[in-house]
Amino acid sequence: MKYPKFIDFRGFLSFLIINELNKKNLCGDELAVIIGNRKYGKLTPGTIYPTLKRLRESRLISMKQAGRKKNYFLTKKGKKELRIAYKVFGNIFCGLKHKIK
């Protein structure tokens, strides 16, 4: 998939992380692979882990350590935020056409 040169999609990482954690609990490496595959590119630890830290500090996600693996999950506050984000995205992007005239 080719990306536009001048339209920036980088601001969606927090939303993508919360969206994936809504489906199931995941570790940082799993999130990087899933989101990287969706974006057709590899996410680096320098990209994913600062965002996970910020989401934890905002109490939208939490983490449980199992051995060396840190599993992240959505909190009640995170679920509420995701519901709001779905509504906002629906209002913004609903009705967009794929056909260019």
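Residues numbered from 1 in each chain as written. Predicted model: local features only at pLDDT ≥ 70, side-chain atom pairs only at ≥ 80, totals over all residues. Heavy atoms only, no water.

A.B. asks: For this particular structure, what's the right way to read helix 1 (residues 13–23)?
C.D. replies: Note that an α-helix has 3.6 residues per turn; residues three or four places apart therefore point the same way. With 9 of its 11 residues buried, helix 1 lies for the most part within the structure. Among the residues making up helix 1, those that are buried are Leu13, Ser14, Phe15, Leu16, Ile17, Ile18, Asn19, Glu20 and Leu21. (Buried < 20%, exposed > 50% of the residue type's maximum accessible area, 1.4 Å probe, protein only. Helix = DSSP H or I, 4+ residues; strand = E, 2+ residues; numbered from the N terminus.)

A.B. asks: Sorry if this is basic, but what is going on with the pairing of strand 2 (residues 61–66) here?
C.D. replies: Regular strands place side chains that alternate from one sheet face to the opposite one. By the bridge criterion, 6 bridges tie strand 2 to strand 3 (residues 69–74) in an arrangement that is antiparallel. Bridging across to strand 3, Ser62 finds its partner in Phe73. A loop of 2 residues connects strand 2 with strand 3, the two strands running antiparallel in sequence, and Gly67 in this loop sits at a positive phi of about 70 degrees. (Pairing = 2+ DSSP bridges.)

A.B. asks: What is the right way to read the side chain of Asn19 from this model?
C.D. replies: You can see Asn19 is positioned in helix 1. Excluding residues that lie within four positions of it along the chain, Asn19 makes contacts with Arg38, Leu82 and Tyr86. (Contact = heavy atoms within 4.5 Å.)

A.B. asks: I tried to follow the side chain of Glu20 on my own but got confused; where do I start?
C.D. replies: Within the secondary structure, Glu20 is located in helix 1. Among the polar contacts made by the side chain of Glu20, one reaches the side chain of Arg38 at a distance of 2.8 Å. With residues up to four places along the chain from it excluded, the contact list for Glu20 reads Leu26, Leu31, Ile34, Ile35 and Arg38. (Polar contact = N/O pair within 3.5 Å; in protein donor to acceptor, adjacent residues only side chain to side chain.)

A.B. asks: What exactly am I supposed to notice about the sheet that holds strand 1 (residues 26–27) here?
C.D. replies: Strand pairing in a sheet is mediated by backbone hydrogen bonds. Such pairs are either parallel or antiparallel. The 3 strands are arranged 1-3-2 in an open sheet whose pairing can be described as antiparallel. Unpaired on one side and paired on the other, strand 1 and strand 2 mark the two borders of the sheet. Relative to strand 3, strand 1 runs antiparallel, the two sharing 2 bridges. Pairing of Cys27 across the sheet is with Asn71, part of strand 3.

A.B. asks: Before we go on, may I ask you to explain the pattern of salt bridges in this structure?
C.D. replies: Close approach of charged atoms allows side chains of opposite charge to pair. Tallying each qualifying case throughout the model produces 3 salt bridges. The shortest N-O distance in the salt bridge between Glu20 and Lys23 comes to 3.3 Å. Here Lys23 and Glu20 lie together in helix 1, a separation of 3 residues that amounts to about one turn. Judged by relative accessible area, which is 5%, Glu20 ranks as buried. A relative accessible area of 54% means that Lys23 is categorised as exposed. Close ionic contact of Glu30 with Lys69 constitutes a salt bridge, the shortest N to O distance being 3.8 Å. In this pair, Glu30 is assigned in helix 2 (residues 28–39) and Lys69 in strand 3, connecting sequence segments 39 residues apart. Residue Lys69 is classed as partly exposed on the basis of its relative accessible area of 39%. One continuous salt-bridge network, built from bridges that share partners, spans Glu20, Lys23 and Arg38. (Salt bridge = Lys/Arg side-chain N within 4 Å of Asp/Glu carboxyl O.)

Any functional reading would require information that these geometric values do not contain.
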